[in-house]
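# Structural overview for review
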Amino acid sequence: MKILVTIKQVSSLDEDFEIREDGRDVDPDFLLHDLNEWDNYSLEEAMRLKEGPGGDGIEVVVATVGPDSTDEELRKCLAKGADRAIRVWSDELEECDAIGVSRVLAALARKEAPDLIFAGVQASDHAFGATGMAMAGLLGLPHAAVVAALEYEPGGKTAMVRRELEGGTYASVRIDCPAVLTLQLGINTPRYASLRGIKQAAQRPIELLDPASLGMPSDEIGAAGSLSRVRRMYVPEKGRAQMIAGTPAEQAARLAQIIKEFRGEA
Amino acid sequence: MSGILVVGEHRKGELRPVTGELIGAAVALKAATGEPVRVAVIGEAPERYAEALKLEGVDEILTVQAVVDAFDPEIYEASVRALIAAREPSLVLLPHTIDTLGYAAPLVAGDGHGFATDVFGIARDADGWVATRAGYGQKVNVEVDFPGRETVVLTVRPGAYKPVENAGAPSVAAIAAPTVTPRSQHLGFEEPAGSDDVDIPGSEFILSIGRGVGEEDNVEQFKELADAAGATLGCSRPIADSGWLPKARQVGQSGKTAASCKLYIAMGISGSVQHMAGMKHVDTIVAVNTDPEASIFTIARYGVVGDIFEIGQELRNHL
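Described below are features of the structure shown in this document. Note that the coordinates shown come from a computational prediction; the quantities given were computed from them, not determined experimentally. (Residues numbered from 1 in each chain as written. Chains lettered and ligands numbered in written order. Predicted model: local features only at pLDDT ≥ 70, side-chain atom pairs only at ≥ 80, totals over all residues. Heavy atoms only, no water.)

### Comments concerning the overall build of chain A
Quick reminder of the rule: Strands are runs of DSSP state E lasting at least 2 residues, helices are runs of H or I lasting at least 4, and numbering of each runs from the N terminus. Partly exposed residues are those whose accessible area sits between 20% and 50% of the maximum for their type, while under 20% is buried and over 50% is exposed, using a 1.4 Å probe and protein chains only. Contact between two residues is taken to exist if any of their heavy atoms lie within 4.5 Å; hydrogens are not considered. Accessible surface area values rest on a Shrake-Rupley calculation with a 1.4 Å probe, where residue burial reflects the displayed protein chains alone.
Secondary structure summary: chain A contains 6 helices and 13 strands in total. Its C-alpha atoms give chain A principal-axis dimensions of about 65 × 50 × 40 Å. In chain A, buried positions account for 53% of the 266 residues. The long-range share in chain A, meaning contacts at least 24 apart out of those at least 6 apart in sequence, stands at 69%. Of the roughly 11,600 Å² of accessible surface on chain A, a fraction of 48% belongs to carbon and sulfur atoms.

Following this line, the structure appears as structure tokens:
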């Protein structure tokens, strides 16, 4: 059987940054990249099934939509034990929103025909929380969002999932497979890659595809396949705490005073 | 296409507060645009929720009967699709909640509606509906529009709008329930086991720790600090996920809300949206963090840029 794990290279802002000239995004020179935090958990969950009872025959495929630089994140997954890595890209995909990305991943999933698809609940940069579930909708597959525990026997027709709700409540759900699940932080404890794994991953091939080779019609690619358009990006006026300056001892003294005021002692 | 459709959310037989907030957002937009407001509720006996939804500014309540009362993504998707077909709204407001994450994206991806999530600002201008959300870890705001889309679906951040309190007299109509054979089955709700006797919602003074504590062995000294200060020890998600403190101590969207808290000291917590959802209402928030750009400083009253271990040790000398 096959598990498809979709991942994202996320961007965070450097301490100082500038908005791009067209005002619609941050100048890419000021972006730092990493693998989305959630995706470590998705990959780990796939590896857990692969290494668990009956998991011998499981192939773990990681896939992403992104430019060359994204290979780095795919290699992190290969280093942790993923069997194959696929990257889909073409310049038109630059203008994708989350739904635009999900169309590409759905086209790839049709080609790969996995038995399970895992995606992170959301990405740490833009937090749409939409890509995995939109992919499920496009594929017409059963789906569950924000899964905090999974029980699945490889080859099984159903899986048991625990959805994490607000306020510390969980919902237990039985779901037909193949299914698309978005996985929550804390579902497992992600491993670290071994040095050997990292060295080997550097030599492994990454399969490169473009939307045309996946048979995507042009009206589904990039901006045309997206459901929103960024008009403007700006730094909002934000509240700012009153900063307590001084040495640690002085800062702590002021903090103690705040505590004592609260207790009615000062 | 006209009108604003709000889809309410309920759990275990009770409407969730975010429903009232969405109605607040819709009614404010009605004042600005003149678009009528319709509020839908989907459930096994949806009429039971109708009375509580009769709020000022609401023009019509729509009920859709479902085979189960608990959330199912495919039932909700089909029901909201039927509601959109029946009333042809230009704007649909859903709560940005766990349940909505399960069905909003599949709905819009299939039907091609305009779509944005976790929105906290909505307006309409010459380009149509415009939504504001955050990007790059809440560091920037992003204004998005939806060219060429007749219907726009937005998921709205809980806590972003004030609920409507006054009663109104809307009409009530039932919308025929679509036939769905769900491929997943809700088996029941669970509360996490293994909670100790801590009462985050009832505590007036909470000292919370986050990723900044670094490792499990460091938790104890903050437990002692909290005890010495007379505070309840809370934590952010990574601490509970790592099993360093029980889930019952987690403050935030998926944990507990610091409902009675008056003084909240956040140590080594950078301030995710999810954490802040559980404590940003607190009157006096003090944040201690090594990163002067940490989001938590945007909602704190007092900030200390510094090492939580150093500050913690110094603080012990005063308590």
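### What about the overall build of chain B?
Put simply, the rule reads: For the radius of gyration, the atom set is restricted to C-alpha positions; the globular benchmark scales as 2.2 Å times the number of residues to the power 0.38.
When you go through chain B residue by residue, the secondary structure sums to 9 helices and 18 strands. Against the compact-globule benchmark of 20 Å for 319 residues, chain B has a radius of gyration of 22 Å, which places it among compact chains. The dimensions of chain B, computed from C-alpha atoms along their principal axes, are 65 × 45 × 35 Å. The long-range fraction of contacts in chain B, counting pairs at least 24 apart against all pairs at least 6 apart in sequence, stands at 65%.

### What about the packing of helix α3 (residues 98-112) of chain A against helix α4 (residues 131-139) of chain A?
All names here are of chain A. Basically, it comes down to this: Here an axis means a line fitted to C-alpha atoms, over the contact stretch when the element is a helix, while the angle between two N-to-C directions is reported on a 0 to 180 degree scale. Angles below 35 degrees are treated as roughly parallel, those above 145 as roughly antiparallel, those between 65 and 115 as roughly perpendicular, and all remaining angles as oblique. When the near helix sits turned anticlockwise from the far one by under a right angle, the crossing is termed left-handed; a clockwise turn instead gives a right-handed crossing. By the convention adopted, Pro, Cys, Tyr, Trp, Phe, Met, Ile, Leu, Val and Ala count as nonpolar, Lys, Arg, Asp and Glu as charged, and the other residues, Gly among them, as polar.
At a closest axis distance of 8 Å, the pairing of α3 and α4 adopts a crossing angle of 50°. In terms of axis orientation, α3 runs oblique to α4. Relative to α4, α3 is oriented so that their crossing is right-handed. For the pair α3 and α4, contact is made by A98, I99, V101, S102, R103, L105, A106, A109 and R110 and by T131, A134, M135, L138 and L139, respectively. Residue composition of the contact of α3 with α4, grouped by class: 10 nonpolar, 2 polar and 2 charged.

### A look at the sheet that holds strand β4 (residues 37-43) of chain B
Residue and element names in this part refer to chain B. Cut-off, in case you're wondering: For two strands to be treated as a pair, DSSP must find no fewer than two bridges joining them.
The strand order β7-β11-β6-β1-β4-β5-β12 describes an open sheet built from 7 strands, whose pairing is parallel. Strand pairing shows two members of the sheet lacking a second neighbour, β7 (114-119) and β12 (171-175), which therefore form its edges. On average, each strand axis in the sheet is tilted by 20° relative to the strand beside it, whichever way the strands run. Alignment of β7 against strand β11 (residues 152-156), held across 4 bridges, turns out to be parallel. Bridge pairing links G114 to V152 in β11. Seen against the sheet, helix α3 (residues 73-87) touches β1 (4-7), β4, β5 (60-65), β6 (91-95) and β12 and runs at an angle of roughly 150° to β4.

### Structural notes on the nonpolar core
Selection rule: Buried Ala, Val, Leu, Ile, Met, Phe, Trp, Tyr and Cys residues form a nonpolar core when they are joined through side-chain atoms within 4.5 Å.
Counting 99 residues, the largest nonpolar core has F118(A), L150(A), L181(A) and F115(B) as the members making the most contacts within it. Among the elements that take part in this core, α3(A) stands out by supplying 8 residues, more than any other. Setting aside its immediate chain neighbours within four residues, F115(B) contacts I99(A), A130(A), L227(A), S228(A), A104(B), A105(B), V108(B), F146(B), V153(B) and T155(B). The next biggest cluster of nonpolar side chains, apart from the first, holds 38 residues, and it includes V26(A), L29(B), A50(B) and A116(B).

### Describing the environment of D97(A)
Residue and element names in this part refer to chain A. As a reminder of what qualifies: For the purposes of these results, a polar contact is taken to be a pair of N or O atoms within 3.5 Å, where, inside protein, one atom must be able to donate a hydrogen and its partner to accept one; residues adjacent in sequence count only when each atom of the pair is a side-chain atom.
Here D97 is to be found in the loop between β5 (84-88) and α3. In this structure the C-alpha to C-alpha distance between D97 and Q184, which are 87 residues apart in sequence, comes to 21 Å. Excluding its chain neighbours within four sequence positions, the residues that come into contact with D97 are S226, L227 and S228. Among the polar contacts made by the side chain of D97, one reaches the main-chain amide nitrogen of I99 at a distance of 3.0 Å. A polar contact of 2.9 Å, which involves the side chain of D97, links it to the backbone nitrogen of L227.

### Observations concerning unusual backbone geometry
Note that the residue after C177(A), namely P178(A), is joined by a cis bond; omega there is 0°. If you check the backbone angles, E88(B) has positive phi at about 45° while not being a glycine. Looking at the element boundaries, E88(B) is found in the loop between α3 and β6. Even without being a glycine, D118(B) presents a positive backbone phi close to 50°.

### A short note on the pattern of salt bridges
So the rule is basically this: The salt bridge definition used is simple: a Lys or Arg side-chain nitrogen within 4 Å of an Asp or Glu carboxyl oxygen.
Scanning the model with the defined rule gives 47 salt bridges over all chains in all. In this structure, R84(A) engages E59(A) in a salt bridge whose closest nitrogen and oxygen atoms are separated by 3.6 Å. Of this pair, R84(A) sits in strand β5 while E59(A) sits in strand β4 (residues 59-65), and the two are 25 residues apart along the sequence. A relative accessible area of 24% places E59(A) in the partly exposed class. Linking R231(A) and E143(B) is a salt bridge whose minimum nitrogen-to-oxygen distance equals 3.3 Å. Here E143(B) lies in strand β10 (residues 140-145) and R231(A) lies in strand β12 (residues 229-234), a pairing that spans two chains. Note on E143(B): relative accessible area 12%, which makes it buried. Each of the salt bridges in this network shares a partner with another, and the network as a whole consists of R163(A), E166(A), E9(B), R11(B), R16(B) and D99(B).

### Focus on a negative patch on the surface
Keep this limit in mind: Candidate patch residues must exceed 30% relative accessible area and have no salt bridge, after which like charges are joined if within 9 Å and Val, Leu, Ile, Met, Phe, Trp or Tyr side chains if within 5 Å. Counting rule for charge: Lys and Arg are taken as positive, Asp and Glu as negative, and neither His nor the chain ends is counted. To locate a charge, take atom NZ for lysine, CZ for arginine, CG for aspartate or CD for glutamate.
A surface patch of like charges, here negative, comprises D14(A), E15(A), D16(A), E18(A), D29(A), D291(B) and E293(B). For D16(A), the location among the structural elements is in the loop between β2 (9-13) and β3 (31-35).

### Considerations on the interface of chain A and chain B
Here is the rule: Here the quantity called buried area is the total loss of accessible area, with a 1.4 Å probe, experienced by two parts when brought into contact, counted for both.
If you look at the interface, chain A gives 80 residues, while chain B gives 88 residues. Contact between chain A and chain B buries roughly 7,200 Å² in total, counting both sides, with carbon and sulfur atoms accounting for 55%. At the boundary of chain A with chain B, the tally comes to 12 salt bridges. When the shortest N-O distance is used, the salt bridge between E164(A) and K247(B) registers 3.6 Å. Applying the counting rule to chain A against chain B returns 45 residue pairs in polar contact (both at pLDDT 80 or more). Considered class by class, the residues forming the side of chain A that touches chain B number 42 nonpolar, 19 polar and 19 charged. Where strand β9 (residues 170-176) of chain A meets strand β13 (residues 184-190) of chain B, 6 bridges bridge the pair, whose relative direction is antiparallel. In the sheet register, Y170(A) faces β13(B), and the bridge partner there is E190(B).

### Concerning the sheet that holds strand β10 (residues 179-183) of chain A
Taken in spatial order, the 10 strands make up an open sheet running β11(A)-β5(A)-β4(A)-β1(A)-β6(A)-β10(A)-β7(A)-β8(A)-β9(A)-β13(B), and their pairing is mixed. Strand pairing shows two members of the sheet lacking a second neighbour, β11 (207-209) of chain A together with β13 of chain B, which therefore form its edges. This sheet shows a mean twist of 35° between the axes of neighbouring strands, independent of strand direction. Running over the sheet, helix α1 (residues 37-51) of chain A touches β1 (2-6), β4, β6 (116-120), β7 (143-151) and β10 of chain A and is turned about 150° from β6(A). Taken strand by strand, helix α2 (residues 71-79) of chain A contacts β4 and β5 of chain A, and its axis lies near 165° from that of β5(A).

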